[in-house]
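Listed below, chain by chain, are the residues.
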Amino acid sequence: MSGARKAPALIAAALVLVGGGRFAQGDEPTAPTVSLPVSSPAVPAPAEETGAAWFARPRLALTVGEGPAAYKLRFFGFLEADYYFDSTRSYDDSMGTALVARTDTYPNQVGRTQFSLRSTRLGLGFDAPVAGSVAPSAVIEGDFAGDPPDSTEKVYFASPVFRVRHAYIKLANPYVDVLMGQTFDVFGWQSYFDPSGLRNQLFSRNTQLRLSHEFNATGRVTVELAASAVRPVQRDSGVPDGSAGLRVSFNDWQGIRTPGNERIVAMPLTLGVSGIVRQFRANAYTPPPIQNSNSVMGWGVSLDGFLPIIPASNFTDRGNRLALMVSYVKGSGIGDLISMTGGAQFPTLSNPALAYPPPLYEANVDNGLVTFDTKGLLHTIDWTAFRIGFQYYLPYTGRWIVSANYTQAHSGNIAMLYPREGAEVDLRTHIADTARYADAKLTFDVTPVVRVGVAGQYTKILYLDGDGPHNVRVSASTLYLF
Amino acid sequence: MMHTMSTMKDRSKFDATVALALIAAGFVLLVGGGRFARADEPAAAVSADSGAPTEVAPVTAPPSPPPPLVPATQAPMESVAPIVASAAPSWFARPALTLAVGEGNKKFKLTLYGFAEVDYIFDTTQSYGDSMGPSIVARTDTHAGNSSRSQFSMRNSRLGFAFESPVMGSVRPTAVLEGDFFGYQRATSEGTFFNSPTYRVRHAYVRLQTPYIDFLMGQSYDLFGWQNYSYPCTLEFLGLPNQLFSRNPQLRLSHLFNAGGVLGVDVAASAGRPVQRDSQVPDGSAGLRLVLNNWKGITTPGNVGTVAQPASIGVSGIVREFRVNAFAPPPVRNSNSATGWGMSVDAFLPVIPAAHDGDRSNRLTFTASFVKGAGIADLITSGGNAKFPTLPNPAQATPAPAYEANLDPGLVTFDANGIVHIINWTAFRAGLQYYLPPTGRLIFAANFTQAHSDNMSKLYLAGGSRIELLSTTVDTSRYVDANLLWDATPALRLGLSGQYTEVEYLDGNKPHNIRMMGQSVYQF
């Protein structure tokens, strides 16, 4: 909570830079990174389209109409098959925010094998004719990770359900680009900095209204400002989340990067700073019916960088290329944004009268963001996270890629919020304040559309009572990109 | 792996005994010591290599076509090696909706396929959703067993994408993504279930074809049962009750020997999604299939995708591991292991052969399948509604201790001593498809299936606290249908169906259900 006082100042500074808006949110459309979504009119055509290199792969695009009145539809995405082995029974196919099973439990002693295609992705990108100075475009993209968790194992893996990842409209114009819909948040300038959802990494998509502008887009140094109003983290707060951000790109200093496991792109050296503020209004920590609520403010600041150590001239120039990605995030009440909540949950209500059934707290906010102390006071949960990673494209062709990442998240106040004694002491055995993650991956482009890879991933958790289990995951994957 | 396949190739006799030996050898070699190898086949093989025929696009000529209809795997393949070859365009011809970019041998293709379907269903009991699946008929002594139900559904509508990309060296990459609207919906309202269904994956796989071995990575029909080569023609949604029918993520290796010859031999092995992830061990399958390329018949797998396909007979097997949480109150401290297995013999026999896809008048085809195994209920659209018994509660604890199952129900259970047992099943299926003269636009199809478990009744005791399970568990299930389909246009198919199902509960109750079904399908 102490950081909460600094946060407003940082956010305020960002807001001033962006134009004094309230709840502004920096965000960026994903342009460089995300192949399709971003590109539309505003984004230059991906190098893949040039057809110049071995990697060339023309877009699957359909055009109707002629010249400036043409409408375009692009199909994009990939099919992905993943084969996982874990040394513990802690995770589904996606690690998400789950914790490693404690060392004193059976699930920690036995492993698990999973075959999954739920990361398979399908997207449609639309471009419509420019009207006046406005270039309208839209993107809808989804994957198959939409299943409710209560289905059977067979249904979960063999009949996964489509869900939306991105669905937005973009109106690009010479003055202010307007983005309406769901895509990566501005907070963290995520689409520029490897949004792959690793543990402890800033990774979030939300419905938003975003305003942005790139200054000197084709010059040596590009500056982008963005602000957005985002889906409230808690609808009952009544107030949208607000984000703002500043991004600087040095266009003459390009590097190669692969966002997640997708399409490889060239991207200039880029630095970004962004912030977010959000409001919580949680039901009072009393037995039902609800009579009032407690308010508290959440916040976050993120510094991100993409640094081409061995630069490249364009996206096909991949032999012996090295790039570094770094991110530092600090905030409170942002567990949902950094793939780490520590397993935090609301304590159970006291039951001095020994009522049966015991009274239950009716939460109106997602778990892991805020909690109540022993006096019933509401607190946001603090988190500090960082990530460092590199991607090396081996000589001579760049078809072999070695990458590695390290991430860590730590909460400075979660241990203080969950008491060391009393009826709730049990919570300390399944709430963690620290998570570490490391991975190494080797991928190979068999053809311009087929990529295979193997990876090793290590996760370690520190529970509040000192238990420190770890999980080792070994995985293999195959992708068909289109 | 190669060694295994070579071994299989050299065999010239394929009777059941030899087949069993081959499967066994396959397991040992493929899984590296007898652990869980799995035969499987992509389905494409045939047409792909041979360029022949079968899989071709249901309709016209285009190469693109729909995997689903035919063996899932085929779709992609076809594109590459234009199968069709079916002579002059027939009345049934329907060009594929293909988007191609790039030039010459650098061409990338995307084909959209699928169908919009609406079903009007009336049942004499309240036993089933729109799809029968493994559900059982409600007992005669219940209200549901004496009341009827009507359902209108479009959830079987289907949308697929087939991708082809340029050959690199000797590797031909293709991919398929296909889904329907049977997505799982948690405890939803009737209105949402029927009017706002969700899209879910049926097939999603990458295929790399080479002159030596074809690789299939992703989800498609399992190799076990060589499933999509002998599917029944019916209006009811596949799988029919008691039918071997399953799709799973897998890694499959296969090769079709003598693809263009009179007798092709298809050999495949795969590692599939573990039936229970906590077992840690992938399911293993292996299979051998003989293909008589000069003896073709017309087939309609399910209700659409009518094509010509060569006669074939296949044998396949599967092994799978279970590591089940011990039958004790939580927390879980240890587990019990058991091994499941299955063998399947499947045949597609053109009684009155056809020359090509469009040659449909007065054509008769017979399909058959026999499956035996243990712990395979999820694969045969059955299961008898088997559940885990409740834990004993001698201390009268409140709440009562609940068993924490770490696998899907219906595969294994515990006896009164807490010992884990896998549930045995034997199932068979026979069906015919007759394409009436003079055009073949009118199709009559009928099917019979049956499944029986010979150890279910021994696992659920006739006395004690678990006696009520006898009234909810079934050890025998039968299904019969008769179907009439008519192609109003090359894209529009209408159908009527009557279906009879009967089950036998462990306590002797023997209810049945009659389903009447009307259907309209627009294929693209």
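No experiment lies behind these values; they were computed from the predicted model shown.

The rules behind these values
Residues numbered from 1 in each chain as written. Chains lettered and ligands numbered in written order. Predicted model: local features only at pLDDT ≥ 70, side-chain atom pairs only at ≥ 80, totals over all residues. Helix = DSSP H or I, 4+ residues; strand = E, 2+ residues; numbered from the N terminus. Buried ≥ 20, exposed ≤ 12 C-beta atoms within 10 Å, placed from the backbone. Contact = placed C-beta atoms within 7 Å. Pairing = 2+ DSSP bridges. pLDDT = per-residue confidence, 0-100. Nonpolar A, V, L, I, M, F, W, Y, C, P; charged D, E, K, R; others polar.

Trainee: Explanation requested: the overall build of chain A in the structure shown.
Mentor: Check the secondary structure of chain A and you find four helices and 20 strands. Expressed as a percentage of its 482 residues, the buried residues of chain A come to 50%. Residue pairs at least 24 apart in sequence account for 67% of intrachain contacts in chain A once pairs closer than 6 positions are excluded.

Trainee: Sorry, what's going on with the overall build of chain B here?
Mentor: Counting secondary structure elements, chain B contains six helices and 20 strands. Residues classed as buried in chain B amount to 57% of the 524 residues present.

Trainee: I tried to follow unusual backbone geometry on my own but got confused; where do I start?
Mentor: With an omega dihedral of 5°, the bond running from P330 of chain B to P331 of chain B counts as a cis peptide bond. Note on placement: P331 of chain B falls in the loop between strand 11 (307-325) and strand 12 (335-352). A cis amide bond, omega -5°, links T398 of chain B with the succeeding residue P399 of chain B. Looking at where P399 of chain B falls in the secondary structure, it is placed in the loop between strand 13 (363-374) and strand 14 (412-414). A positive phi angle is found at W189 of chain A, which is not glycine, with a value near 40°. In this structure, W189 of chain A sits in the loop between strand 7 (177-184) and strand 8 (205-215). Its identity as a non-glycine residue notwithstanding, Q280 of chain B has a phi of 75°, on the positive side. Topologically, Q280 of chain B is positioned in the loop between strand 9 (263-272) and strand 10 (283-299).

Trainee: Could you clarify how one ought to interpret the pairing of strand 8 (residues 247-257) of chain B in this entry?
Mentor: Residue and element names in this part refer to chain B. With 10 of 11 residues buried, strand 8 is to be regarded as a mostly interior element. Inspection of the sheet shows strand 7 (residues 214-221) paired to strand 8 by eight bridges, in the antiparallel sense. Paired with G218 across the strands is Q250, a residue of strand 8.

Trainee: Whenever I open this one, the confidence of the model for chain B confuses me. Can you help?
Mentor: In low-pLDDT segments, the atomic positions of the prediction should not be examined closely. Residue and element names in this part refer to chain B. Here chain B averages 85 in pLDDT, and 82% of its residues register 70 or above. Note on residues 1-87: pLDDT is under 50 here. Beyond four places in sequence and across chains, it has 290 contacts. Two summary scores accompany this predicted model of the complex, namely pTM at 0.84 and ipTM at 0.84.

Trainee: How do you make sense of the interface of chain B and chain A when you look at a structure like this?
Mentor: One frequently used descriptor of interface size is the decrease in accessible area upon assembly of the parts. Every contact between the two is made by 49 residues of chain B and, on the other side, 45 residues of chain A. Counting residues per element, the ones that place at least two in the side of chain B that touches chain A are strand 1 (97-101), strand 2 (108-123), strand 5 (172-180), strand 6 (200-209), strand 7 and strand 8 of chain B. Here the element with the most residues in the side of chain B that touches chain A is strand 6 of chain B; it accounts for six residues. Among the residues making up the side of chain B that touches chain A, the classes are represented as 27 nonpolar, 13 polar and nine charged.

Trainee: Got a minute to help me understand the environment of L391 of chain B in this structure?
Mentor: All names here are of chain B. In this structure, L391 sits in the loop between strand 13 and strand 14. Taking C-alpha positions, L391 is 9.2 Å from G418, a pair spaced 27 residues apart along the chain. For L391, the contacting residues outside a window of four places in its chain are P329, P401, A402 and Y403.

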